[in-house]
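# Understanding the architecture of this molecule
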Amino acid sequence: MKRNSLIPVRAGSGLLVTLIVAAMAFLACFAMAGALGATKLAGAWTDGLSGAATVRIGAEETAPEEHLDIVLDILKSTDGVIDAEPLTEEEVAALLEPWFGATPELSDLPAPVIVAVTIDPLNEPDTAIVQARLDGAAAGAVYDDHGEWRGRAASAARAVRSVAIGAMLVCAIAIAAVVVLSVHSGLSAQHANIATLRLAGAEDRFVSGLYQVRYFWLGLCGGLLGCGLALAAMYGFNAMSTVSRALPALQPPSYWWVMFAGIIVFVIMLCMVSAGLTVSGKLRRGA
Amino acid sequence: MIQFENVGFRYGNGPDVLQGLNFEIPEGEFTFITGSSGAGKSSLLRLLYLDSLPTAGRISLFERDLATLTRDEVAWFRRRIGVVFQDFRLLDHLTAAENVALPLRVSGAREAEYRDNVAEMLHWVGLGEQMNVHPPQLSGGEKQRVAIARAVVASPDIILADEPTGSVDPEMAERIMQLLMEMNRLGKTVVLATHDIDMVSRTGKSRLNLKAGTLTASGDAA
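One numbering rule holds for all chains: residues counted from 1, following each sequence as written. Just so you know, chain letters begin at A and ligand numbers begin at 1, following the order they were written in. Per-residue local features are limited, in this predicted model, to residues with pLDDT of at least 70; the limit for side-chain atom pairs, both in listing and counting, is 80 or more; totals at the level of whole chains, interfaces and linings are taken over all residues. Only hydrogens and water are set aside when side-chain values are computed; all heavy atoms of the structure are taken into account.

On to the pairing of strand 3 (residues 113–119) of chain A, then. All names here are of chain A. Burial analysis of strand 3 places five of its seven residues in the buried class, the great majority of the element. Between any two strands, pairing holds if DSSP finds at least two bridges. Runs of E in the DSSP output that reach at least two residues are strands. Runs of H or I that reach at least four are helices, and both are numbered from the N terminus. Looking at chain direction, strand 1 (residues 52–57) and strand 3 are connected through six bridges and run antiparallel. Opposite Ala-53, over in strand 3, you have Val-117 as the bridge partner. Whether a residue is buried, partly exposed or exposed follows from its accessible area with a 1.4 Å probe, protein chains only, as a fraction of its type maximum: under 20%, in between, or over 50%, in that order.

In this scheme, a helix's expected span is set at 1.5 Å multiplied by one less than its residue total. Over its 29 residues, helix 9 (residues 256–284) of chain A runs 42 Å from end to end, which matches the ideal 42 Å to within 8%, given 1.5 Å per residue. Just past helix 9 of chain A, the residue Gly286(A) takes up positive phi, approximately 95°.

For the rest of this paragraph, the subject is the nonpolar core. To qualify as a nonpolar core, a set must consist of buried Ala, Val, Leu, Ile, Met, Phe, Trp, Tyr and Cys residues joined through side-chain atoms within 4.5 Å. Core analysis: the biggest nonpolar cluster contains 44 residues, and Ile175(A), Val179(A), Val183(A), Leu197(A), Tyr211(A), Tyr215(A) and Leu102(B) have the highest contact counts within it. Elements with a contribution of two residues or more to this core: helix 1 (13–49), helix 5 (147–189), helix 6 (191–199), helix 7 (204–239) and helix 9 of chain A together with helix 3 (96–106) of chain B. In contact with Ile175(A), not counting residues within four places along its chain, are Val21(A), Met24(A), Val267(A), Leu270(A) and Cys271(A). Grouped together as the second largest cluster of nonpolar side chains are 41 residues, Ala119(B), Leu122(B), Ala173(B) and Met199(B) included. Here, residues are in contact when the closest pair of their heavy atoms is within 4.5 Å.

Residue and element names in this part refer to chain B. As for its position among the elements, Glu-142 is in helix 5 (residues 140–152). Here a polar contact is taken to be a pair of N or O atoms separated by no more than 3.5 Å, where protein atoms must pair a possible hydrogen donor with a possible acceptor and residues adjacent in sequence count only if both atoms sit in side chains. Engagement of the side chain of Glu-142 in a polar contact is seen with the side chain of Gln-130, the distance being 2.7 Å. Contacts of Glu-142, omitting those with residues within four sequence positions, involve Leu-127 and Gln-130.

Here the aromatic set is Phe, Tyr and Trp, taking the six-membered ring for Trp, and pairing holds for ring centres within 6.5 Å; pairs whose planes are under 30 degrees apart are stacked, those over 60 apart are edge-to-face, and all others are tilted. Going through the model one piece at a time under the given rule, you end up with eight aromatic pairs over all chains. Between Phe216(A) and Trp217(A), the aromatic rings sit 5.0 Å apart at their centres with planes inclined by 85°, giving edge-to-face as the arrangement. Owing to a relative accessible area of 27%, Phe216(A) belongs among the partly exposed residues under this scheme. Taking relative accessible area as the criterion, Trp217(A) reaches 48% and is therefore assigned partly exposed. For the pair Phe62(B) and Phe77(B), a centre-to-centre distance of 5.4 Å together with 75° between the ring planes defines the contact as edge-to-face. With Phe62(B) in the loop between strand 4 (56–61) and strand 5 (64–65) and Phe77(B) in helix 2 (residues 71–79), this pair connects stretches of sequence that are 15 residues apart. Judged by relative accessible area, which is 3%, Phe77(B) ranks as buried. A network of ring pairs unites the aromatic residues Phe62(B), Trp76(B) and Phe77(B) as a single cluster. The rule for a charge over a ring is simple: NZ of Lys or CZ of Arg within 6 Å of the ring centre, and within 35 degrees of the ring normal. The lysine or arginine in question, Arg80(B), covers the ring of Phe62(B), its NZ or CZ lying 3.8 Å from the ring centre.

What follows deals with the sheet that holds strand 1 of chain A. Residues and elements named next belong to chain A. If you trace the four strands from one edge of the open sheet to the other, you get 2-3-1-4, paired in antiparallel fashion. In this open sheet, the two strands that pair with only one neighbour each are strand 2 (81–86) and strand 4 (141–144). The average undirected angle you get between the axes of adjacent strands in this sheet is 20°. Pairing geometry for strand 1 and strand 4, over four bridges, is antiparallel. Helix axes use the C-alpha atoms of the stretch in contact, all axes being lines fitted to C-alpha atoms, and the angles between their N-to-C directions lie in the range 0 to 180 degrees.

A few words now on the packing of helix 6 of chain A against helix 7 of chain A. All names here are of chain A. Their axes nearest at 10 Å, the elements helix 6 and helix 7 cross at an angle of 135°. The orientation of helix 6 relative to helix 7 falls into the category oblique. Read as a crossing pair, helix 6 and helix 7 show a hand that is right-handed. Taking contact as the criterion, the partners of Ile-194, Leu-197 and Arg-198 in helix 6 are, on helix 7, Asp-204, Val-207, Leu-210 and Tyr-211. A class-by-class count of the residues in the contact of helix 6 with helix 7 yields five nonpolar, no polar and two charged. An angle below 35 degrees is read as roughly parallel, one above 145 as roughly antiparallel, one from 65 to 115 as roughly perpendicular, and any other as oblique. It is the rotation of the near helix from the far one that decides the hand of a crossing: anticlockwise by less than a right angle makes it left-handed, clockwise makes it right-handed. Each residue is assigned to one class: nonpolar for Ala, Val, Leu, Ile, Met, Phe, Trp, Tyr, Cys and Pro, charged for Asp, Glu, Lys and Arg, and polar for all the others, Gly among them.

Taken together, Leu15(A), Leu19(A), Leu225(A) and Leu229(A) make up a surface patch of nonpolar side chains, about 380 Å² in accessible area. Relative to the helices and strands, Leu15(A) is located in helix 1. For patch detection, residues must exceed 30% relative accessible area and be free of salt bridges, and they are connected within 9 Å for like charges or within 5 Å for nonpolar side chains (Val, Leu, Ile, Met, Phe, Trp, Tyr). With residues, only the protein chains shown are counted as cover, and all accessible areas are computed by Shrake-Rupley using a 1.4 Å probe. Salt bridge, as applied in this entry: a Lys or Arg side-chain nitrogen positioned within 4 Å of an Asp or Glu carboxyl oxygen.

A volume near 450 Å³ is recorded for the largest pocket. If you go around the largest pocket, you meet 22 residues; those closest to its centre are Arg198(A), Leu50(B), Asp51(B), Val74(B) and Arg78(B). Elements with a contribution of two residues or more to the lining of the largest pocket: helix 6 of chain A together with helix 2 of chain B. Its residues placed into classes, the lining of the largest pocket shows 12 nonpolar, two polar and eight charged. The rule is simple: put a 1 Å grid over the protein atoms alone, call a set of points where a 1.4 Å probe fits but cannot get out a cavity, call an open set with protein on both sides within 12 Å along at least five of seven lines a pocket, and count a residue as lining if it has an atom within 4 Å of a point. If you go around the second largest pocket, the residues you meet are Thr54(A), Arg56(A), Leu87(A), Val92(A), Leu95(A), Leu96(A), Trp99(A), Pro112(A), Ile114(A), Ala116(A), Val142(A) and Asp144(A). With four residues, the top contributor of residues to the lining of the second largest pocket is helix 3 (residues 89–100) of chain A. For the lining of the second largest pocket, the per-class residue count stands at nine nonpolar, one polar and two charged. Grid points are joined across faces, edges and corners, and a volume is the space filled by probe spheres set on the points.

What follows concerns the interface of chain B and chain A. Taken together, the contacts link 26 residues of chain B with 22 residues of chain A. Computed with a 1.4 Å rolling probe, the buried area is the accessible surface lost when two parts are put together, summed over both parts. Counting each side, the surface lost to burial between chain B and chain A is near 2,400 Å², with a carbon and sulfur contribution of 54%. Summed over the three residues of chain B that lose the most area to chain A, namely Arg71(B), His93(B) and Arg105(B), the buried surface amounts to 27% of that side. Our count for the contact surface shared by chain B and chain A stands at three salt bridges. Note that Glu203(A) is salt-bridged to Arg79(B), the shortest N-O span being 3.2 Å. On the surface where chain B and chain A come into contact, there are eight residue pairs in polar contact (both at pLDDT 80 or more). Here the element with the most residues in the side of chain B that touches chain A is helix 3 of chain B; it accounts for seven residues. Each residue belonging to the side of chain B that touches chain A can be placed in one class, and the counts come to 12 nonpolar, three polar and 11 charged.

Structural data, given as structure tokens:
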């Protein structure tokens, strides 16, 4: 015996819901990728900066070389400092290259003396104490543990993450809204059929279940379509060498498909719960 | 089994369509509800299949006051009642067999459990060859028989039928009556609304006669 759904499938409405769900899932994937990428990028920046500090002895000092020895003595005797080495002229030239072009003549420039300090990330010296010691012995030497940059990177990552979470929330609300609207319109169109089901003894949860099954499939199709396209787009995006070189943190890691599967599961659950609650609510209100 | 105590009913703020109804239908009884069009027969059946609650009085079914039932209990009670609606209420997107199977699917039975039962029921009403036909392709009489098969397939305790012979020829009407009598012989309580007094007289079953929403006579038809 043939077994049709007790709720007739209305051609068109299901496709529309699927496409909107797919679009929202697509955007949610990019939002999640953005959040992960920003976190990874900020992590890479802060990791790169932690464990390192610099001391800059201003070029305006009359005897920077003399100050250098004092600074090195102070640094090497500071708890938490693993090593302190001044940058060679070539290294300083490389740092200045973006502004002054290749092989700038340092003797013509008031270039500061830079000391690269390697610090123990688990036992970082107190910046204020180090600076105070330097001020007392070698005026003009500035200790920089990149805390300000690290703070900015972290807060930028937090901001991007918040925006991405907000975007995902908006996508979820949009999916729930379209499902609610679609279910409302379906219940109105199928009013007589649902009344017959109820007179045959169908409980509210039975009717809700029919809609949940239907929206399970719509959510699955929409989720697969949207996330599949997003995944393909991201791999395609990263296949472009310019992009992957410029933003290595945004390269899809191997576990992204798990997160995308998570988005699909979430989309399905959202569709089912929205449909079920809408049907139950409307039946209770006497639809 | 069915007890009406001073029952009244109206639609919204409209006039009373039923008033002061007092009667009792024992278990296993075959009862006709007669009356002219607009007398309130369909409204009375509507109260019996729990589509509405009375606006006055009290209805007891299976020893329970219908006003005290929860939504889930209402659904459970409805499964114990098979209804043949005057307008059939078949689902057009389902086949005849699927329509007949509806009460079984709703009660959670699996297809394997009821497939044979549905086929047998459709053969019983003479529609064995039209199992996979959709209602729009069936005649009025055929739809009526699908509706009857659907009403009895789950073996309900009560069968309510609203003018079940209204859309069929006399031969089929006789056959439908035989089907309902057979269900009654099997112990089912049957309540049948009709304006066909001849049919009521032929069967010799008890009847409740309505006139303008009030009960004017009850007892054996003969």
